[in-house]
Amino acid sequence: MIRKELVAASAEPLILSLLAKGESYGYAIIQEVKARSDGKLQWTDGMLYPVLHRMEHRGLIKSRWGESETGRKRKYYTLKKDGKTAMAKHHEQWSLVHSVLAGLKKEQYV
Amino acid sequence: MFNLEQSIADWRRQMIAAGIQTPVPLDELESHLREDIAQQMKSGSDEQKAFALAVAKMGPAFTLKREFKRAGGPDKAQLRRRGGFAFAGVLGSYSLAITWLLFTKDVAYKERLSGLASVVTTLLSVYVIWKILPRFFPVVASKTVRSSLGLIGGISGPGWLLVFIYFILPRCDVTLEQLRVAIYWAMVPVLVLPTSSFLIFDKSEKQQFTTTHS
């Protein structure tokens, strides 16, 4: 299981990146993150919503109420222009961290 | 006998009691809870177990309340953007008002031209300070100096206006029309001085934020 600090820090870039693929909603976001990480990256379900609301307050995403296929009420989120910019920044920063780590790891095996 | 609707209603009451607001965000949390229960039941779980697990996965109400409280207000970047829009609004209204006065009042050609020049100078100065000069502004590391800059920004405009009214104007022999135009020119520093010192303050604050969080 991944440490909770890393889970918290990765929430925003993951949400932004998932929403970049198209409109989505809380439950689907959680399921997709879980599936893509083979269940290793797990959020407490309720904790996702404060993050989504914070991102909405910051103008990174926007929401609308809609209906599911079964007619159930569902809140959908979409990426905004500022969200795309924030996502690009996140990608840049995480790539940097990844390349530094990869470089250090490689040096250990040389 | 387990009743799902009754259990969800009880869960809602507990959430409200803990301070979770309704309809936002409680309706969204309930929607998630129902989605989770439905998915679990599709996979063969019974209603009662599915409900218990979904509630556990949602997390305790007091933790949710604390997180939503944190998410509630606008952050610094948003306040900064709102401040920028408010300032642009004030500047735009001021420029339109002066232009309107210059064209609707009986103003001599020379004074009208000078008044318009003051409006253009104000707009151009603010644009240059806002868009071009920040890259040349220093980054102030000291919090005290930054706060002083913010204070100076706040009082420099009105301060200059007081100097103009009490020390410069009494020494000038001008007509009423010339006085009006002189006031328009006096307004240029009133808008430009606080903008400059606010932007130095803002650049330093942002730099400090980046240093602390990167």
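Up top is the structure these notes are about.
Residues numbered from 1 in each chain as written. Chains lettered and ligands numbered in written order. Predicted model: local features only at pLDDT ≥ 70, side-chain atom pairs only at ≥ 80, totals over all residues. Heavy atoms only, no water.

S.K.: I would appreciate a short explanation of the packing of aromatic side chains in the present structure.
M.R.: The relative placement of two aromatic rings is captured by the distance of their centres and the angle of their planes. Scanning the entire structure with this criterion turns up three aromatic pairs over all chains. Ring centres of B:Phe2 and B:Phe51 lie 5.8 Å apart, and the angle between their planes is 50 degrees; this geometry places the pair in the tilted category. Within this pair, whereas B:Phe2 is found in the segment before helix H1 (4–18), its partner B:Phe51 is found in helix H3 (residues 47–58), the two being separated by 49 residues in sequence. Their ring planes at 40 degrees and their centres at 6.0 Å tell us that B:Trp160 and B:Phe164 sit as a pair that is tilted. Of this pair, B:Trp160 and B:Phe164 both sit in helix H7 (residues 143–168), four residues apart, which is roughly one turn of that helix. Classification of B:Trp160 as partly exposed rests on a relative accessible area of 25%. Classification of B:Phe164 as buried rests on a relative accessible area of 9%. We note A:Lys73 situated over the ring of A:Trp65; from NZ or CZ to the ring centre the distance is 4.7 Å. Looking at A:Arg74, its charged tip hangs above the ring of A:Tyr25, at a distance of 3.7 Å from the centre. (Phe/Tyr/Trp six-rings, centres within 6.5 Å; stacked < 30°, edge-to-face > 60°. Helix = DSSP H or I, 4+ residues; strand = E, 2+ residues; numbered from the N terminus. Buried < 20%, exposed > 50% of the residue type's maximum accessible area, 1.4 Å probe, protein only. Lys NZ or Arg CZ within 6 Å of the ring centre and 35° of its normal.)

S.K.: What should I look at first to understand the pairing of strand E3 (residues 73–79) of chain A in this one?
M.R.: Consecutive side chains along a regular strand alternate between the two faces of the sheet. Residues and elements named next belong to chain A. Buried residues dominate E3, accounting for five of its seven residues. Pairing between strand E2 (residues 61–67) and E3: seven bridges, direction antiparallel. The residue bridging Trp65 from the neighbouring strand is Lys75, located in E3. If you look at the hairpin formed by E2 and E3, you'll find five residues sitting between the two strands, and Gly71 has a positive phi there, around 90 degrees. (Pairing = 2+ DSSP bridges.)

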